[in-house]
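# Close look at the chain arrangement
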Amino acid sequence: MMLFSTRTASCRSVICLLLFICGTLLQGCRSDGSDINPSNSPLYGLWTGSYSVSATDPTYVGKSFFFSFTIYEDGTMTYKSKTPGNDVYAFGTWSLSGTNFSFKVTTLNYDGGYQHVQAGSATYTSSQNMLSNGTITDSVTGGKSSWTMTRVN
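Criteria and cut-off values
Residues numbered from 1 in each chain as written. Predicted model: local features only at pLDDT ≥ 70, side-chain atom pairs only at ≥ 80, totals over all residues. Heavy atoms only, no water. Phe/Tyr/Trp six-rings, centres within 6.5 Å; stacked < 30°, edge-to-face > 60°. Helix = DSSP H or I, 4+ residues; strand = E, 2+ residues; numbered from the N terminus. Buried < 20%, exposed > 50% of the residue type's maximum accessible area, 1.4 Å probe, protein only. Salt bridge = Lys/Arg side-chain N within 4 Å of Asp/Glu carboxyl O. Pairing = 2+ DSSP bridges. Axes fitted to C-alpha atoms, helices over the stretch in contact; angles between N-to-C directions. pLDDT = per-residue confidence, 0-100. Contact = heavy atoms within 4.5 Å. Core = buried A, V, L, I, M, F, W, Y, C linked by side-chain atoms within 4.5 Å.

### With respect to the packing of aromatic side chains
- The tally for this structure, following the rule as stated, stands at 14 aromatic pairs.
- Geometrically, the ring pair formed by Phe69 and Trp147 is edge-to-face, given 5.1 Å between the ring centres and 70 degrees between the ring planes. On the criterion of sequence distance, the pair formed by Phe69 in strand S2 (residues 64-71) and Trp147 in strand S8 (residues 144-151) is long-range, its members being 78 residues apart. Each member of the pair, Phe69 as well as Trp147, carries the same accessibility label: buried.

### Considerations on the pattern of salt bridges
- Per the counting criterion, the structure on display carries 2 salt bridges.
- Two residues, Asp87 and Lys82, come together in a salt bridge whose shortest N-O distance is 3.0 Å.
- Its relative accessible area of 27% is what places Asp87 among the partly exposed residues.
- Here the residues in one salt-bridge network are Lys80, Lys82 and Asp87, joined through shared partners.

### So, the pairing of strand S6 (residues 117-125)
- Across the two faces of S6 the burial differs, with Gln118, Gly120, Ala122 and Tyr124 buried and Val117, Ala119, Ser121, Thr123 and Thr125 not buried at all.
- Pairing of strand S5 (residues 100-107) with S6, which is carried by 7 bridges, proceeds in the antiparallel orientation. Along S6, the bridge assignment pairs Val105 with Gln118.
- Note that S6 and strand S7 (residues 130-138) share 7 bridges and pair antiparallel. Paired with Tyr124 across the bridge in S7 is Leu131.

### What about the sheet that holds strand S3 (residues 76-83)?
- Reading around the circumference, S1-S2-S3-S4-S5-S6-S7-S8 is the order of the 8 strands in this closed barrel, with antiparallel pairing throughout. Averaged over all pairs of adjacent strands, the angle between their axes in this sheet comes to 30 degrees, without regard to strand direction.
- Pairing of strand S4 (residues 86-97) with S5 involves 8 bridges; the strand directions are antiparallel. Residue Gly92 lies in a different strand from S5, and its bridge partner there is Val105.

### Concerning the confidence of the model for the chain
- Confidence along the chain averages 78 in pLDDT terms, with 68% of residues attaining 70 or more.
- By mean pLDDT, the top-scoring element of the chain is S6 (96), and the lowest-scoring one is helix H1 (residues 2-30) (48).
- Below pLDDT 50 for its whole length, residues 1-9 participates in 1 contact with residues either more than four positions away or in separate chains.
- Counting contacts from residues 24-39, a segment whose pLDDT is below 50, to residues more than four positions away or on other chains yields 6 contacts.

### Focus: the environment of Val117
- Tracing the backbone shows Val117 in strand S6.
- For the pair Val117 and Ser139, spaced 22 residues apart in sequence, the C-alpha to C-alpha distance is 5.6 Å.
- Filtering out sequence-adjacent residues up to four positions away, Val117 remains in contact with Lys104, Val105, Thr106, Thr137, Asp138 and Ser139.

### With respect to the nonpolar core
- Phe69, Met77, Tyr79, Phe101, Phe103, Leu131 and Trp147 are the most contacted members of the largest nonpolar core, which totals 23 residues.
- Secondary structure elements with two or more residues in this core: strand S1 (45-53), S2, S3, S4, S5, S6, S7 and S8.
- Per element, the largest residue contribution to this core is 4 residues, and it comes from S2.
- Those residues in contact with Met77, other than ones at most four positions away along the chain, are Phe69, Thr70, Ile71, Tyr72, Ala90, Phe91, Gly92, Thr93, Trp94, Phe101, Phe103 and Val105.

Right, dumping it as structure tokens:
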């Protein structure tokens, strides 16, 4: 019985990852980005930066790792983060109220096959195309990280 549930969790992770990849590819087919007007949609596009892990994971405390968002006009977003030997992908929603950016995502391929819900926030500075003072918290592990990003396109 345990073998079946492990395979099921593994299959779900693979299916979620494939859906994520297909969704990303289809999103790219809708537009080449030339119709996006940054003056009325300042967050749409690719953002890259880094995150640092808090003391909840002493193995990586103080080390910086790659972190990126792709923010879509329909209120959804994806993220990719890197840790040694791992790329983690997530999908969820975002919002902006004044300069307060917030998001909630579910990971698609976290270690062990479990999906984690993560929530975060940051300060949006339009003049610098920057998301700063970012925080993210994992509801399963309690892990917390700080992050910052700049808009690539």
